[in-house]
Amino acid sequence: MRVSICGRGSVALRATFRWVTVVGMALAAPPGIAVPATAQDEADLAVVHRIKAEAFRNSQVMDLLFRLTDENGPRLTGSPGLRRAADWSARALRGWDLKEARLERWGTFGRGWSCSRYRAALVEPDRAPLIGVPKAWSGGTDGAVAAAVISAPLFTSMETKREDDYDLATLSARIQTYIQEQKGKLRGAIVMLDPTREFDPPTEPAARRYDVSALEEIARAPEPFPAPVFEWPLTRLPEDPKKRAQLFASIPDEVGEDYFVRWIRAHGPLYAFLRDEGVVAVLETDLRGEGGVVFAQEAGSWERGTPTPPPVISLQPESYARLARLIEKKVPVRVELDVAVTFHDDAPEGFNVVAEIPGGRKKDEVVMLGAHLDSWHGGTGATDDAAGCAIALEAVRILKALDLKMDRTVRIALWSGEEQGLFGSRGYVRTHFGNPVSMELKPEHARLSGYFNVDNGGGKIRGVYLQGNDMMRPIADAWLLPFHDLGATAISIDSTGDTDHVSFDGVGLPGFQFIQDPLDYDSRTHHSNLDVSDHVVPGDLMQASAILASFVYHAAVRPDLLPRKPLPMPTPKMKDSFPY
C-alpha cells in the first residue's frame, strides 16, 4: 500500500484518513441498468465448502510468500528483485495451467535502483553501529568513508516538517531559503537533515485485531461534507488537517498522483545543492512507530535526468537522537559509512504480471483480482504487499485445483509501480478500459464485471469496502455470510484509497479493497525494515485466500455483471503553467 506524500519520514496524509462521502460531486449517467442482488447472489455453499477444504488442507500460500520475499525480495520497481519475482510468478501461473501468463508492459517507469551494501558506525566519540536503510534513488559512497557529522535541519521542528512538507509552495520556498543559509557550510560533512523527534511512552499495543466496536465504526457511513473546490494542478493545500483530508478525499486520483510526483520534483533543487556542495552523506529519521524501527522510502527520483542526491540514510530514531544530543553538547562526532548502490538504466519499461483462467459461455467478460508485486527495500516487502500477492496467487491456484467451471474469464494481475503512484494499475486501466481524465472508454470497459484487491497488510479479511457502491451491499453480504464464523462480517459503504482498486474506480468500474486486521502493519512493518515474513500469520493468509477465491468464483458465475456506480465526470483540464 502506497502513501500519497511519503519521503523523508513524512506521515502519510491520505493514509491517515479514510475517504468520506462528498456532497455535490457531479456524476454522469451509467452506461446501462445495474442489476441489484437477488436470490442469484446466495453463496453456493457446496462450492464454498470445497474452497475452504482446499485452502485450509492443501494450502500453498506460505510457500508462495517465501518465494516472493526470502527468495526474491525486496522488489523495488525497476530493480532486479522485482524482475526475478515477476518471472517466478509467471512461471508459477503457467505451472498451474493458467493461460497467457506474461509480463505485460504498462509504460515507461525510469531508473531502477538497488543497494548491495550498507555499513555505518559511529566512530567518535565512541564506536557503535548505526542501524539504518539507504533511501531509494540516493547515491552511494566510493568505498568506506569517514566524516564529521553536523546538524543542519531543513525544518526547525518535526511539527513544522509535518505541516510544511505537504505544501509545495511552502516547501519550495523553504528549500531556497535553506540553500542560501547553508551555502559554503556543508562540504565534506555528513549532514543531519531532520530535527529530532520527541518520544512518548507507548500507550497502545503494537499489534491489534479489530474488535466488534472497531468493525462497527468502520461499517458506519461517514459524515458527508460539501465538495471542496480545486484546480488542477494543485498548488497549495489547506492548513487545517481536516480540510486537507477532505480535499484529498474529493479530488480524482489522477490529480492526487500528479501532486505526489510534483512533491518529489520539488525536492530536486535540494538534492542538487547537497550533491554540488560536496556533502558526503545525509542522515534522516522518521516520525512513524514507537522507536526501534527504520522506515525508508525514496530520496531523489526514479525519473531520468533528475538530480541524484548523496547517500541518504534513514536511521533508527534512537541512533539519530544520540547523534543529535552529542552535537547539541558540542561533542565532536564522526561516522564511518560504506554504501554501494546501483542505478539500473537498462530496463526502463514498467510491467505487470497477468494470467487468466478462461471462462465458459461468457468468456469475453472478465473478473479480475490482484495485488501489487513491487515493494520498498528496507525489508523483503512481506506485508506490503507480498502477502496480498500470495493470497491472489493462492486464490487462482484453488480455483484451478478444484477445476471449477466459471462462465466468465478470471484474470489475475500483480502490479508494479504501485508505491510510486499506482503506475501499473493506472497504465493497465488506460490500455484496456479507458482514460480517467477524459473518460473516453474502450470496449473492454463494458465487459469487466469487477476487480478485487488485497493490500492492507497480512491480516485476515474482516469485511469489504463498497467504495460508495450501495448496489453491492446485498451481494457482499451474501458472499461474506459463509465466512462469518471466520471473522469476516463487516460491510462498509466507505471508500478507501491509496491502492490499486482506485484505478478501476476512477473510470467507473467496480473495484474493491477488503477490510483486514491491522496487526502491526501501521506501527511496525509498513515501509520498514521489519516488513518481513516473520510478521505474517499463516492462518490469516489462508482465511483470506479462501474468501478471495469465493468472491471471484461467485462474481464469475453470477448471471449479471456486478452493479456499477454512475460514471465519474471528466477531470477539469490541467492548467499549463505551474512552477514545480
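Residues numbered from 1 in each chain as written. Predicted model: local features only at pLDDT ≥ 70, side-chain atom pairs only at ≥ 80, totals over all residues. Heavy atoms only, no water.

**Student:** Explain empty space enclosed by the protein here, please?
**Tutor:** Any space left empty among the atoms is revealed by the rolling of a water-sized probe across them. Scanning the entire structure with this criterion turns up four cavities of 30 Å³ or more. Approximately 50 Å³ is the volume attributed to the largest cavity. Forming the boundary of the largest cavity are L466, Q467, N469, D505, G508, L509, P510, G511, F512, R564 and K565. Considering only residue class, the lining of the largest cavity consists of four nonpolar, four polar and three charged. (1 Å grid on protein atoms, 1.4 Å probe; cavity = no way out; pocket = protein on both sides within 12 Å on 5 of 7 lines; lining within 4 Å. Points joined across faces, edges and corners; volume = space filled by probe spheres on them. Nonpolar A, V, L, I, M, F, W, Y, C, P; charged D, E, K, R; others polar.)

**Student:** Quick question: what am I supposed to make of the side chain of E54 here?
**Tutor:** Within the element layout of this structure, E54 appears in helix 1 (residues 45-57). For E54, a relative accessible area of 12% puts it in the buried group. Ignoring anything within four residues of it in the chain, the contact list for E54 reads S59, R397, I398, A401 and L402. (Helix = DSSP H or I, 4+ residues; strand = E, 2+ residues; numbered from the N terminus. Buried < 20%, exposed > 50% of the residue type's maximum accessible area, 1.4 Å probe, protein only. Contact = heavy atoms within 4.5 Å.)

**Student:** Can you walk me through the environment of Q516 in this structure?
**Tutor:** Mapping Q516 onto the fold places it in strand 18 (residues 511-516). The class of Q516 is buried, set by a relative accessible area of 3%. When the C-alpha atoms of Q516 and G459 are compared, they prove to be 5.3 Å apart, with 57 residues separating the residues in sequence. Not counting chain neighbours up to four residues away, the residues in contact with Q516 comprise Y210, V454, D455, N456, G457, G458, G459, K460, I461 and R462. At 3.0 Å, the side chain of Q516 forms a polar contact with the backbone oxygen of G457. Engagement of the side chain of Q516 in a polar contact is seen with the backbone oxygen of G459, the distance being 2.9 Å. (Polar contact = N/O pair within 3.5 Å; in protein donor to acceptor, adjacent residues only side chain to side chain.)

**Student:** Sorry, what's going on with the packing of helix 11 (residues 382-401) against helix 17 (residues 538-557) here?
**Tutor:** For any two helices packed against each other, the geometry is given by the interaxial angle and the distance between the axes. At a closest axis distance of 8 Å, the pairing of helix 11 and helix 17 adopts a crossing angle of 55°. On the basis of their axis angle, the class for helix 11 and helix 17 is oblique. Of the two elements, helix 11 crosses helix 17, and the hand of that crossing is right-handed. Taking contact as the criterion, the partners of A387, I391, A392, E394, A395, I398 and L399 in helix 11 are, on helix 17, L541, A544, S545, L548, A549, V552 and Y553. Of the residues in the contact of helix 11 with helix 17, the class split is twelve nonpolar, one polar and one charged. (Axes fitted to C-alpha atoms, helices over the stretch in contact; angles between N-to-C directions. Parallel < 35°, antiparallel > 145°, perpendicular 65-115°, else oblique. Left-handed = near helix turned anticlockwise from the far one by under 90°.)

**Student:** When you look at the packing of aromatic side chains in this model, what are you seeing that I'm missing?
**Tutor:** All chains considered together, the criterion is met by 22 aromatic pairs. An angle of 55° between the planes, with centres 6.0 Å apart, marks the rings of W415 and F504 as tilted. Remark: F504 occurs in helix 15 (residues 501-505) and W415 occurs in strand 14 (residues 408-415); sequence separation between them is 89 residues. Overall, the relative accessible area of 0% leaves W415 in the buried class. Centre to centre, the rings of W479 and F551 are 5.5 Å apart; their planes meet at 80°, and the pair counts as edge-to-face. Here W479, found in helix 14 (residues 473-480), pairs with F551, found in helix 17; they are 72 residues apart in sequence, far enough to count as distant. Put simply, the rings of W106, F109, W137, W302, W376 and F423 pair up and form one aromatic cluster. (Phe/Tyr/Trp six-rings, centres within 6.5 Å; stacked < 30°, edge-to-face > 60°.)

**Student:** I keep staring at unusual backbone geometry and nothing clicks. Help me out?
**Tutor:** For residues other than glycine, phi is negative in most cases, and the peptide bonds are mostly trans. For the bond running from G73 to P74, omega is -5°, close enough to zero to count as cis. The topology assignment puts P74 in the loop between helix 2 (61-71) and helix 3 (80-95). If you check the backbone angles, L519 has positive phi at about 50° while not being a glycine. Turning to its location among the elements, L519 is positioned in the loop between strand 18 and helix 16 (521-525).

**Student:** What is the right way to look at helix 11 in this model?
**Tutor:** Residues that lie three or four places apart on an α-helix share one face, since the helix turns once every 3.6 residues. Counting buried residues along helix 11, 18 of its 20 residues qualify, which places the element largely inside the surrounding structure. Trailing helix 11 by a residue or two, D403 shows a phi angle of about 55°, which is positive.

**Student:** Mind showing me how you'd approach the side chain of D407 here?
**Tutor:** Tracing the sequence through the fold places D407 in the loop between helix 11 and strand 14. Residue D407 is classed as buried on the basis of its relative accessible area of 17%.

**Student:** When you look at the sheet that holds strand 9 (residues 281-284) in this model, what are you seeing that I'm missing?
**Tutor:** Backbone hydrogen bonds hold the strands of a sheet together, and the pairing may be parallel or antiparallel. Taken in spatial order, the eight strands make up an open sheet running 4-3-11-6-7-9-10-5, and their pairing is mixed. The two strands at the open ends of the sheet, each matched to only one other strand, are strand 4 (128-129) and strand 5 (132-134). Pairing of strand 5 with strand 10 (residues 312-315), which is carried by three bridges, proceeds in the antiparallel orientation. Looking at strand 10, one finds that G132 is bridged to L315. (Pairing = 2+ DSSP bridges.)

**Student:** What is the right way to look at the nonpolar core in this model?
**Tutor:** Nonpolar side chains tend toward joint burial in soluble globular proteins. In this structure, L93, I412, F452 and L548 are the most contacted members of the largest nonpolar core, which totals 76 residues. If we skip the residues at most four places from it in the chain, L548 touches L369, I391, A392, A395, F452, V454 and F514. Grouped together as the second largest cluster of nonpolar side chains are 64 residues, L76, L154, L171 and I327 included. (Core = buried A, V, L, I, M, F, W, Y, C linked by side-chain atoms within 4.5 Å.)

**Student:** What is the right way to look at the pairing of strand 3 (residues 112-124) in this model?
**Tutor:** Residues in a regular strand point their side chains to alternate faces of the sheet. Relative to strand 11 (residues 334-344), strand 3 runs antiparallel, the two being bridged by eleven bridges. The partner of S114 across the bridge, within strand 11, is T342. As judged from the two bridges shared by strand 3 and strand 4, these two strands associate in the antiparallel manner. The residue bridging L122 from the neighbouring strand is A128, located in strand 4. The antiparallel hairpin formed by strand 3 and strand 4 contains three residues in its connecting segment.

**Student:** In this structure, what is going on with the sheet that holds strand 14? I would like to understand it.
**Tutor:** Read across the sheet, eight strands follow the order 2-12-14-13-15-18-16-17 without closing on themselves; strand pairing throughout is mixed. Looking along the sheet, the strands with just one partner apiece sit at the ends: strand 2 (99-108) and strand 17 (490-492). Ignoring which end each strand starts from, the neighbouring axes of this sheet average 25° apart. Both strand 13 (residues 362-372) and strand 14 contribute to a ladder of eight bridges, which runs parallel. Each residue of the ladder has a partner; that of A371, found in strand 14, is L414. The strands touched by helix 3 are strand 2, strand 12 (349-357) and strand 14; relative to strand 12, the strand with the most contacts, the crossing angle is about 15°.

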